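Now for the letters of each chain:
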Amino acid sequence: MAPGSDQDIVIRLRGIRNQFGSHVVHDDLDLDIRRGEIMGVVGGSGTGKSVLLRTIAGLQRPAAGRVEVLGVDVLTADEETRATLESRWGVMFQDGALFSSLTVRENVEVPLRAVPGLAAQDRRALADLKISMVGLPPIAGDKYPSELSGGMRKRAGLARALALDPEIVFLDEPTAGLDPIGAADFDTLVRGLSDVLGLTIFLVTHDLDTLHAACDRIAVLAERKVLITGTMQEMMDVDHPWVHEYFHGPRARAAQDTLDARQDQTEG
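These lines cover the structure that appears in this document, whether it is placed above or below. None of these values were measured; they are calculated from a predicted model. (Residues numbered from 1 in each chain as written. Predicted model: local features only at pLDDT ≥ 70, side-chain atom pairs only at ≥ 80, totals over all residues. Heavy atoms only, no water.)

Between helix H3 (residues 104–112) and helix H5 (residues 150–161), the least distance of the axes is 8 Å, while the angle of their chain directions is 30°. The orientation of H3 with respect to H5, classified from their angle, is roughly parallel. Helix-helix and strand crossings are classified by hand; for H3 and H5 the assignment is right-handed. Contacts between H3 and H5 involve Val 104, Asn 107, Val 108 and Pro 111 from the former and Ala 156, Ala 159 and Arg 160 from the latter. (Axes fitted to C-alpha atoms, helices over the stretch in contact; angles between N-to-C directions. Helix = DSSP H or I, 4+ residues; strand = E, 2+ residues; numbered from the N terminus. Parallel < 35°, antiparallel > 145°, perpendicular 65-115°, else oblique. Left-handed = near helix turned anticlockwise from the far one by under 90°. Contact = heavy atoms within 4.5 Å.)

A few words now on the packing of aromatic side chains. The full count for this structure, using the stated rule, is four aromatic pairs. With centroids separated by 4.8 Å and ring planes inclined at 15°, the aromatic side chains of Trp 242 and Tyr 246 adopt a geometry described as stacked. With Trp 242 and Tyr 246 both in helix H9 (residues 241–248), this residue pair falls four residues apart, about one helical turn. Trp 242 gets classed as partly exposed once you look at its relative accessible area, which sits at 28%. (Phe/Tyr/Trp six-rings, centres within 6.5 Å; stacked < 30°, edge-to-face > 60°. Buried < 20%, exposed > 50% of the residue type's maximum accessible area, 1.4 Å probe, protein only.)

All right, on to the sheet that holds strand S7 (residues 168–172) then. If you trace the six strands from one edge of the open sheet to the other, you get S6-S7-S8-S3-S9-S10, paired in mixed fashion. In this open sheet, the two strands that pair with only one neighbour each are strand S6 (89–92) and strand S10 (225–230). Averaged over all adjacent pairs, the angle separating strand axes in this sheet is 20°, with direction ignored. Here four bridges tie strand S3 (residues 38–43) to strand S8 (residues 200–204), and the two strands are oriented parallel to one another. Each bridged residue has a counterpart across the sheet, and for Ile 38 the counterpart in S8 is Ile 201. Across the sheet, helix H1 (residues 49–56) is in contact with S3, S6, S7, S8 and strand S9 (217–222); its angle to S8 comes to roughly 150°. (Pairing = 2+ DSSP bridges.)

By the criterion of burial, S8 is predominantly enclosed, with five of the five residues buried. The two faces of S8 match: Thr 200, Phe 202 and Val 204 on one face and Ile 201 and Leu 203 on the other face are all buried. As paired strands, S7 and S8 are joined by five bridges and run parallel to one another. Following the sheet pairing, Leu 171 is matched in S8 by Leu 203. Following the chain from S7 across helix H6 (residues 180–197) to the adjacent parallel S8, one finds a crossover that is right-handed. (Right-handed = clockwise from strand over helix to strand, strands pointing away.)

With that settled, the discussion passes to the environment of Met 152. Locating Met 152 in the fold gives a position in helix H5. Using a relative accessible area of 25% as the deciding quantity, one classes Met 152 as partly exposed. The sequence separation of Met 152 and Gly 182 amounts to 30 residues, and the corresponding C-alpha distance is 9.5 Å. The residues contacting Met 152, other than those within four sequence positions of it, are Leu 136, Pro 137 and Ala 140.

This paragraph deals with the pairing of strand S1 (residues 9–20). For S1 and strand S2 (residues 23–34), the ladder comprises eight bridges, and the chain directions are antiparallel. Within S2, the position partnered with Ile 9 by the bridge is Arg 34. Joining the antiparallel neighbours S1 and S2 is a turn of two residues, in which Gly 21 adopts a positive phi near 65°.

Moving on, we come to H6. The first and last C-alpha atoms of H6 sit 26 Å apart over 18 residues, in line with the 26 Å expected at 1.5 Å per residue. Residues Ala 183, Ala 184, Phe 186, Asp 187, Leu 189, Val 190, Arg 191, Leu 193 and Ser 194 constitute the buried set of H6. Phi turns positive one or two residues past the end of H6, at Gly 198, with a value near 70°. (Expected span 1.5 Å × (residues − 1).)

One can find Arg 82 in helix H2 (residues 79–86). Looking at Arg 82, its side chain comes within polar contact range of the main-chain oxygen of Val 74, at 3.5 Å. When residues no more than four places from it in sequence are discounted, the contact partners of Arg 82 are Gly 58, Val 74 and Ala 77. (Polar contact = N/O pair within 3.5 Å; in protein donor to acceptor, adjacent residues only side chain to side chain.)

Positive phi values are uncommon outside glycine, yet Asp 28 reaches one of about 60°. With respect to the element layout, Asp 28 can be found in strand S2. In the Ramachandran plot, Leu 70 falls in the positive-phi region, its phi being about 50° despite a non-glycine side chain. Relative to the helices and strands, Leu 70 is located in the loop between strand S4 (64–69) and strand S5 (72–73).

Structure follows, in structure tokens:
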């Protein structure tokens, strides 16, 4: 299958318009996401990065346009088709969005409860497997979200997003609020899981380190649409004021220095 071919596109957006009252967030927005890639989505404040994620995941209905995921028109699908489709993706919201009254294991079990005929002991075993996959110690399963650090909560949220072995994972600012070491570890985890499991990942971020370390391509939201998509290297050549400042400014240079240092340590 040729990369970028129609058969290779698992998320296709055409003519998306999102608005709240008279405020238009997106207008005639198009975007294609390929199977197995990590797509980093960036943009200035108010460009609707999280709104776009929610639109694809069926949580925000656009005023106009077409949302196609894994060959299914999300906006016109019947209830049964939608339910089947939603079992093929997982969503991790900011800070994990865990249920505070449930333990980590119980949080991860929530999506598994919808699986017909899955015994409680098997559900527990699968939850423990997902907890292990995201690098949490076994003891974390018995803890409540309030007993976890910010980084552990994010990993628990990722474990829940992976509960049903999805093909697509949506991550909303996964490294926000983490210290540089914790953020780098999470980037490595996401990259590794994508490679091992063949996941397609839609990743909303403002973190240039994450773009360098984890993302295959980047989509820039500006002027109410996807202004440009491409690799990090291609972003460096875009002649647009916001894009140039974002990818050439002091934070961008610091992110590149960090990546270079990591590569030197790996090669050493």
